[in-house]
Amino acid sequence: LEAANIAFYGTLCVNGSGMGIVIATGDNTTIGSIAAIAVKASNRDDFQTPINKEIHHFIKIISAVAIFLGVLFLILGFVLGLDALDNIVFCIGIIVANVPEGLLATVTVSLTLTAQRMAIKKVLVKNLEAVETLGSTNIIASDKTGTLTQNIMTVQHIWYDGGVKLANGLGEGVADQKSATMQYVRNCISLCTTATFIDEEEEKNNVPFQQRKFSGDASEGALIKYIEPHLRASGTGIVQERKKGKILFKLPFNSTNKFMLHIFEQGDDKPHILWMKGAPERIWSRCNTILIEGKEQKKDEVKAEYDKGLFTLMNNGERVLGLCYTELPADQYPSEFKYNWEGEGGEESNFPYENFTFIGLASLIDPPRAAVPAAVRSCQTAGIQVIMVTGDHPDTAEAIAKMVGIIRAPTRRDIAAREGKEIEEIPRDHPDIGARVVRGVELMKMSDEELDHLLDYEQLVFARTSPANKLTIVKGLQDKKLKRWKDGSRPPKRIKNVVAVTGDGVNDSPALSQADIGVAMGIVGSDVAKDAADMILLNDNFASIVDGVEEGRLIFDNLKKSIAYTLSSNIPEITPFLVFILIQIPLPLPTVLILLIDLGTDLLPAISLAYETKEADIMRKPPRDSRVDRLVTRKLISFSYGQIGIIQAMAGFYTYFVVLNDYGFRASDLVGASELFFDYADDSDDAVFFPNNDDTIGAGELQINGNSIPLIECNITDKDVCHIPDEALAHAQGAFFVSIVIVQWADLIACKTRKLSIYHQGMRNTVLNIGLVEETLLAILLSYIPALNVLGTRPIRFVHWMSAMPFAMIIFIYDEVRKYLIRLGPPAGSKKTSNLVEEYTYY
């Protein structure tokens, strides 16, 4: 990469001519080797996104529970002598009741909705699962140029007459364009640059110079954008200045000399002027005098001021250019003179190569984006470590990192300045060092153990990195298992990093592929980088990543809520089969009605939780620990099954027994009566009704195939249902179904938040409100449209809708009290971060 005589494929020759020899093609080229690293990084057979792992974990748990219960009660059914076919059907019913059939639709819709919201925020999601991955991220390794910064070079300061001045602005401390030395600064920039404005329409429309397009180097573009308005104010411009004479000789900038040189003919027997700009140390070393207020004096007299100014500008992360000139007498160098630069430093040239006059320094900076410091703070508040990984100079990288808040603690450079020492004199393990700035060459020399200890630093900047360096950093972060605190304030902690990487170039593609989530730039990003990434920032703005983190956390929270809601109805769906098998009561809820709940009434409400807005503290919590904070945890199972689910099952059974009691079947008489209800449904003609002794209720007992059940007086005298086992059971089953719908109203409201009260969150989720109405209407249609009664429902009485209402209120009040106790926090003086209610019920 540092070779002086090798060019990449596609390199443009901006001046001169020459012949090249192809020395490598395809995979053997440098870009080919980068592509090979990227392909290797992306072909990881064992790679799973965090949400993929969580869903697989959930499926394993729920499948194991469903199969275990199904097989257990299948065996139990055979032991109790149930009919084989009926027993298998019930086994299937238990498995179906355990499996949340709507989960696939819920997860897909949730991810898609979040991707749409992120697109509005200028984040294009290529892989839906990447949405949640960003929310799980605890480390962001970000590129600098164009992501943290604006990718727009601007002139920030001018050093002249022995002091640093702001390039633009009003008042004291701003460069005085009328000063004699500033005239030379403007002339040097005008006549020792080749960049030009290219759009005539922008000139006609008076587009501000900072926004105009130009051709040429980015630094030169910044320089001409700076001086053009000042030249226009004095009645001229760059083009007019260049037309006042002609350029007799050009020496382009190169990485060896680190300067460029133009010799300009002024005409009218005036001396030619040699203008030079480049690296400050190269320019300063070729000068023996300096301009102070337009007059030459020995440079040694102001060397201290020069050193101080240069250090200040470099320490600000600004790119500094030195400016100088000399006059070439016309009698020694006539117009026809052929200038010739020879020798490595110009020593064999036929014109002067040193003893110039120093004019001053111009410093440029690619300023941070306005929203980035706040975005970095948001990340740090949310427990996300932001690391800068750039190919830029370490000094520039460090300065920008300080501006945006990535570095807040002292670095080696800060300690060296504080102690008045050279940076090399400060050991890397100095106890006061809180932030590290590491070069790529240093990284290459580190062992795995040294890298692991380096990554313990909270504030890190990697500069002058190669593609292999970036890949090493990402792998090191992903492989890190133990976090150590430098101050020893806390014991080491086991960690599992989820790493997001941003990048825009071909050289970033290996790291983008290796990362848990790769984020490419949409404006300046290469096609290779975009192809390797999981999502693309359409505005190249780091702040958009923070929006993505928030959306990713929100989707994980909402998926938890949706699963908690869905699983709650499993208990009232499973327990009817368990009770049926264990005590032989008529089946309270058939398989078809379970499917109507899972794929009908529950589906839209479960999906609607994906539309739920964030709770207030979502970006103040640390990233979830994927080893502990799973999508489905014991506390979530406890909440859904052991708390809400039990109350729902009680509501269903209470309603079931109330309905059968109203139609003449006492609850205590139903134990062991399942066979009688089956026999009646199969052949009611064999049924015999025996009158009651006092003949007040029409019948006192029902017998069929040797089985009997006492009858009581019907509270609802419907001749088609009263004392008719199959119809009374169908009404009870329909009421059980309706009761689940009713208690799911309260469950849905409870699942809207995990900690906040419904009073604070409100009912602003329109889709959820529609879901409440939809599940109610669906229950009404299934119950009261005769054609749909074939599914097992019946037109139940309004009074039977009311049976489950108290249980819905119990669920709502219980959950509000539970959340209130969680919000109270730990007792005063306790060392714990949570109270018992939060510890055992906050899922």
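In what follows, the structure referred to is the one given above.
The rules behind these values
- Residues numbered from 1 in each chain as written.
- Predicted model: local features only at pLDDT ≥ 70, side-chain atom pairs only at ≥ 80, totals over all residues.
- Heavy atoms only, no water.
- Helix = DSSP H or I, 4+ residues; strand = E, 2+ residues; numbered from the N terminus.
- Contact = heavy atoms within 4.5 Å.
- Patch = residues over 30% accessible without salt bridge, like charges linked within 9 Å, V, L, I, M, F, W, Y side chains within 5 Å.
- Areas by Shrake-Rupley, 256 points an atom, 1.4 Å probe, with all protein chains shown as cover.
- Salt bridge = Lys/Arg side-chain N within 4 Å of Asp/Glu carboxyl O.
- Lys, Arg positive; Asp, Glu negative; His and termini not counted.
- Charge placed at Lys NZ, Arg CZ, Asp CG, Glu CD.
- Pairing = 2+ DSSP bridges.
- Axes fitted to C-alpha atoms, helices over the stretch in contact; angles between N-to-C directions.
- 1 Å grid on protein atoms, 1.4 Å probe; cavity = no way out; pocket = protein on both sides within 12 Å on 5 of 7 lines; lining within 4 Å.
- Points joined across faces, edges and corners; volume = space filled by probe spheres on them.
- Nonpolar A, V, L, I, M, F, W, Y, C, P; charged D, E, K, R; others polar.
- Phe/Tyr/Trp six-rings, centres within 6.5 Å; stacked < 30°, edge-to-face > 60°.
- Lys NZ or Arg CZ within 6 Å of the ring centre and 35° of its normal.
- Core = buried A, V, L, I, M, F, W, Y, C linked by side-chain atoms within 4.5 Å.
- Buried < 20%, exposed > 50% of the residue type's maximum accessible area, 1.4 Å probe, protein only.
- Disulfide = S-S within 2.5 Å.
- Expected span 1.5 Å × (residues − 1).
- Bend = angle between axes of the 7 residues up to and from the residue.
- Parallel < 35°, antiparallel > 145°, perpendicular 65-115°, else oblique.
- Left-handed = near helix turned anticlockwise from the far one by under 90°.
- Polar contact = N/O pair within 3.5 Å; in protein donor to acceptor, adjacent residues only side chain to side chain.

Regarding the side chain of E220
Structurally, the position occupied by E220 is in helix α8 (residues 218–233). The contacts of E220, once residues within four sequence positions are left out, are C192, T193, T194, A195, M260 and K277.

Quick word on a positive patch on the surface
The grouping of K53, K481, R494 and K496 at the surface amounts to a positive patch. One can find K481 in the loop between α17 (467–479) and β17 (482–483).

Overview of the sheet that holds strand β15 (residues 435–439)
The strand order β1-β21-β20-β19-β2-β14-β16-β15 describes an open sheet built from eight strands, whose pairing is mixed. At either margin of the open sheet sits one strand with a lone partner, and together these are β1 (123–125) and β15. Across the sheet, the axes of successive neighbouring strands diverge by a mean angle of 20°, strand direction being ignored. By the bridge criterion, three bridges tie strand β2 (residues 139–142) to strand β19 (residues 499–503) in an arrangement that is parallel. Within the sheet, the bridge partner assigned to A141 lies in β19 and is V501. Each of β1 and β21 (535–537) is contacted by helix α4 (residues 103–120), which is oriented at about 150° to β1, the strand it contacts most.

A few points about the sheet that holds strand β23 (residues 701–704)
Adjacent strands of a sheet form backbone hydrogen bonds with each other and so pair up, either parallel or antiparallel. The strand order across the open sheet formed by three strands is β22-β23-β24, and the pairing between neighbours is antiparallel. Only two strands of the sheet have a single neighbouring strand rather than two, namely β22 (688–690) and β24 (707–710). Adjacent strand axes in the sheet meet at a mean angle of 20° when their direction is disregarded. As paired elements, β22 and β23 share three bridges and run antiparallel to each other.

Focus: empty space enclosed by the protein
Under the defined criterion, the tally for this structure stands at three cavities of 30 Å³ or more. Around the largest cavity, the lining residues are A141, S142, D143, V389, K470, V474, V501, T502, D508 and A511. Those elements giving two or more residues to the lining of the largest cavity turn out to be β2, α17 and β19. Partitioned by chemical class, the residues of the lining of the largest cavity number five nonpolar, two polar and three charged. Space inside the second largest cavity adds up to approximately 40 Å³. In this structure, the second largest cavity is lined by D557, E615, D617, K621, R754, K755 and Y842. Grouping the amino acids of the lining of the second largest cavity by side-chain chemistry returns one nonpolar, no polar and six charged.

Re the packing of aromatic side chains
One pass over the full model with this rule turns up 23 aromatic pairs. Ring centres of Y656 and F657 lie 5.2 Å apart, and the angle between their planes is 65°; this geometry places the pair in the edge-to-face category. Taken together through their ring pairs, the aromatic side chains of F249, F259, Y333, F337, Y339, W341 and F351 make up a single cluster. The lysine or arginine in question, K755, covers the ring of Y842, its NZ or CZ lying 5.2 Å from the ring centre.

Digging into the nonpolar core
Within the largest apolar cluster, 130 residues are counted, with the highest numbers of intra-cluster contacts made by I406, M535, F542, I709 and F737. Residue contributions to this core peak at 13 residues, all from helix α26 (residues 725–750). Aside from chain neighbours lying at most four places away, what touches F737 is L589, L593, L596, I597, T601, A779, L782 and T793. With 30 residues, the next largest nonpolar core counts V155, V185, I224 and L323 among its residues.

Concerning the state of the cysteines
For the coordinates displayed, the defined rule picks out one disulfide. In this model C714 forms its disulfide with C722; the gap between the sulfur atoms is 1.8 Å. Around the S-S axis, the bridge from C714 to C722 shows a dihedral of about 90° and counts as right-handed. The exposure class assigned to C714 is buried, which follows from its relative accessible area of 7%. In this model C324 remains outside any disulfide bridge; the closest cysteine sulfur is found in C287, 4.1 Å from its own. With relative accessibility at 0%, the residue C324 sits in the buried group.

Thoughts on the environment of A175
Within the secondary structure, A175 is located in the loop between β4 (163–166) and α6 (180–191). The buried category is assigned to A175, whose relative accessible area is 9%. Not counting residues within four places of it along the chain, the set of residues in contact with A175 comprises Y160, K165, L166, A167, M182 and Y226.

As for helix α24 (residues 634–662)
For α24, spanning 29 residues, the distance from its first C-alpha to its last is 40 Å, which sits close to the expected 42 Å at 1.5 Å a residue. Where α24 bends most, the angle comes to about 45°, and this point is G645. Just beyond α24, the residue with positive phi is G664, at close to 100°.

Section: the packing of helix α2 (residues 50–79) against helix α21 (residues 570–583)
Closest axis-to-axis distance for the α2/α21 pair is 10 Å, and the angle between their directions is 15°. Between α2 and α21, the angle falls in the class roughly parallel. Crossing hand, α2 versus α21: left-handed. Listed contacts from α21 to I62, L69, F73 and L76 of α2 are N570, I574, L578, I581 and L582. Of the residues belonging to the contact of α2 with α21, the class tally is eight nonpolar, one polar and no charged.

Section: the pairing of β23
A one-sided burial pattern is seen for β23, the buried positions being L702 and I704 and the unburied ones E701 and Q703. Of the pairings in the sheet, the one linking β23 to β24 comprises four bridges and is antiparallel in character. If you follow Q703 over to β24, its bridge partner there is S708. Between β23 and β24, which pair antiparallel in sequence order, lie two residues; one of them, N705, sits at a positive phi of approximately 50°.

Points about the environment of T29
If you trace the backbone, T29 turns up in the segment before α1 (30–42). For T29, a relative accessible area of 22% translates into the label partly exposed. Between the alpha carbons of T29 and Y9 there is a distance of 8.4 Å; along the sequence they are 20 residues apart. There is a polar contact of 2.8 Å between the side chain of T29 and the backbone oxygen of G26.

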